[in-house]
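Listed here are the chains, written in short residue letters.
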Amino acid sequence: GESVGLHLPTLSVQEGDNSIINCAYSNSASDYFIWYKQESGKGPQFIIDIRSNMDKRQGQRVTVLLNKTVKHLSLQIAATQPGDSAVYFCAEKNQAGTALIFGKGTTLSVSS
Amino acid sequence: SQTIHQWPATLVQPVGSPLSLECTVEGTSNPNLYWYRQAAGRGLQLLFYSVGIGQISSEVPQNLSASRPQDRQFILSSKKLLLSDSGFYLCAWGGREGYEQYFGPGTRLTVT
């Protein structure tokens with residue numbers, strides 16, 4: 001079946017460090033993945049997405065890596081800042097292509 | 001640019017009372033629309049999605065319903081709320097050509 005999960009529920013880093021948030025998925029046919037950032041009390045905010053024909057995609061201070069062999073997705077945040085503190089969700093497109101399936105989230109805490 | 005609105009922001013309702021949450025989108029036409037629920041500390045659960053006026057697909061059987069009376073309006077309703085309906089309700093819209101979704105600010109519902 002379809003399921004998306006994250007390896008660790010929490011991640012604590014120091015300001016300026018690079019953060020890596022991981023996600024595993026089960027559907028080997030999945031061809032679209034997306035990362036969201038959710039701050040407390042707010043709706044999720046789109047960060048970056050990637051299609052399965054790519055292994056890597058970069059945005060501003062963020063990079064998403066896709067390893068289809070082991071069905072693993074990661075979000076790398078460079079020079080992590082206190083404003084990056086939030087819950088991060090990965091999601092994949094469902095088989096019907098009608099919706100996204102979300103993982104449970106990783107809480108990133110950045111200390112100064 | 002596109003914006004998505006949800007109201008109310010917070011709501012406290014007694015068990016057995018009705019519910020109506022509204023979501024509207026501006027700046028786009030014929031969007032896909034979605035309702036999600038997020039329990040405390042959990043991921044997002046898709047409740048309903050709509051690809052057009054009057055077209056509603058339900059992902060999870062429950063005492064909630066959704067309607068889309070206008071192209072950019074999506075309503076989540078219940079005739080009788082249960083305690084288990086408490087949560088953070090998020091509306092999202094998606095374009096026709098991609099799979100990314102953009103979320104509203106959410107409604108915090110507490111059923112007492």
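Throughout this description, residue numbers start from 1 for each chain and increase along the sequence as written. Here the convention is simple: chains get letters from A, ligands get numbers from 1, in the order in which they are written. At least 70 in pLDDT is required for a residue's local features to be given in this predicted model, at least 80 for side-chain atom pairs to be given and counted, and no such filter applies to totals for whole chains, interfaces and linings, which use all residues. Only hydrogens and water are set aside; all other atoms, that is, all heavy atoms of the structure, feed into the side-chain values.

Engineer: Could you clarify how one ought to interpret the overall build of chain A in this entry?
Structural biologist: For chain A, the count of helices and strands is zero helices and eleven strands. Put simply, DSSP H or I for four residues or longer makes a helix, DSSP E for two residues or longer makes a strand, and each gets a number counted from the N terminus. From first element to last, N terminus to C terminus, chain A shows the α and β order β-β-β-β-β-β-β-β-β-β-β. Relative to a compact globule of 112 residues, whose C-alpha radius of gyration would be 13 Å, chain A shows 13 Å and is just as compact. C-alpha extents for chain A along the principal axes are approximately 45 × 30 × 20 Å. It only takes one pair of heavy atoms within 4.5 Å for two residues to be counted as in contact. Pairs at least 24 apart in sequence give 53% of the contacts found in chain A among residues at least 6 apart. Here, Shrake-Rupley sampling with a 1.4 Å probe gives the accessible areas, and only protein chains in the shown set may cover a residue. About 5,400 Å² of surface is accessible on chain A, with carbon and sulfur atoms providing 46% of the total. Here the radius of gyration uses the C-alpha set of atoms, whereas the globule reference equals 2.2 Å times the residue count to the power 0.38.

Engineer: So what exactly am I meant to see when it comes to unusual backbone geometry here?
Structural biologist: Note: most peptide bonds trans; most residues except glycine with negative phi. Here Trp7 of chain B and Pro8 of chain B are connected by a cis peptide whose omega angle stands at 0°. In this fold, Pro8 of chain B is placed in the loop between strand E1 (3–7) and strand E2 (10–13). Even without being glycine, Arg61 of chain A reaches a positive phi, approximately 65°. Along the chain, the position of Arg61 of chain A falls in the loop between strand E6 (56–58) and strand E7 (62–67). For Arg61 of chain A, a relative accessible area of 31% gives the class partly exposed. When accessible area is computed with a 1.4 Å probe and restricted to protein chains, residues below 20% of their type maximum are described as buried, those above 50% as exposed, and intermediate ones as partly exposed.

Engineer: Mind showing me how you'd approach the side chain of Gln13 of chain B here?
Structural biologist: All names here are of chain B. Inspection of the secondary structure assignment puts Gln13 in strand E2. For Gln13, a relative accessible area of 19% gives the class buried. When neighbours within four sequence positions are excluded, Gln13 is seen to be in contact with Pro18, Leu81, Leu109, Thr110, Val111 and Thr112.

Engineer: How do you make sense of the pattern of salt bridges when you look at a structure like this?
Structural biologist: When the charged atoms of two side chains with opposite charge come close together, those side chains can pair. Residues and elements named next belong to chain A. The salt bridge definition used is simple: a Lys or Arg side-chain nitrogen within 4 Å of an Asp or Glu carboxyl oxygen. In this structure the tally under the stated criterion is eight salt bridges over all chains. When the shortest N-O distance is used, the salt bridge between Asp49 and Arg57 registers 2.3 Å. We classify Asp49 as buried; its relative accessible area is 11%. For Arg57, a relative accessible area of 36% translates into the label partly exposed. Across the pair Asp84 and Arg61 runs a salt bridge, and its minimum N-O distance is 2.9 Å. Note that Asp84 is positioned in the loop between strand E8 (72–77) and strand E9 (86–93) and Arg61 in the loop between E6 and E7, a separation of 23 residues in sequence. Its relative accessible area of 7% is what places Asp84 among the buried residues. Where salt bridges share partners, they join Lys37, Glu39 and Lys42 into one cluster.

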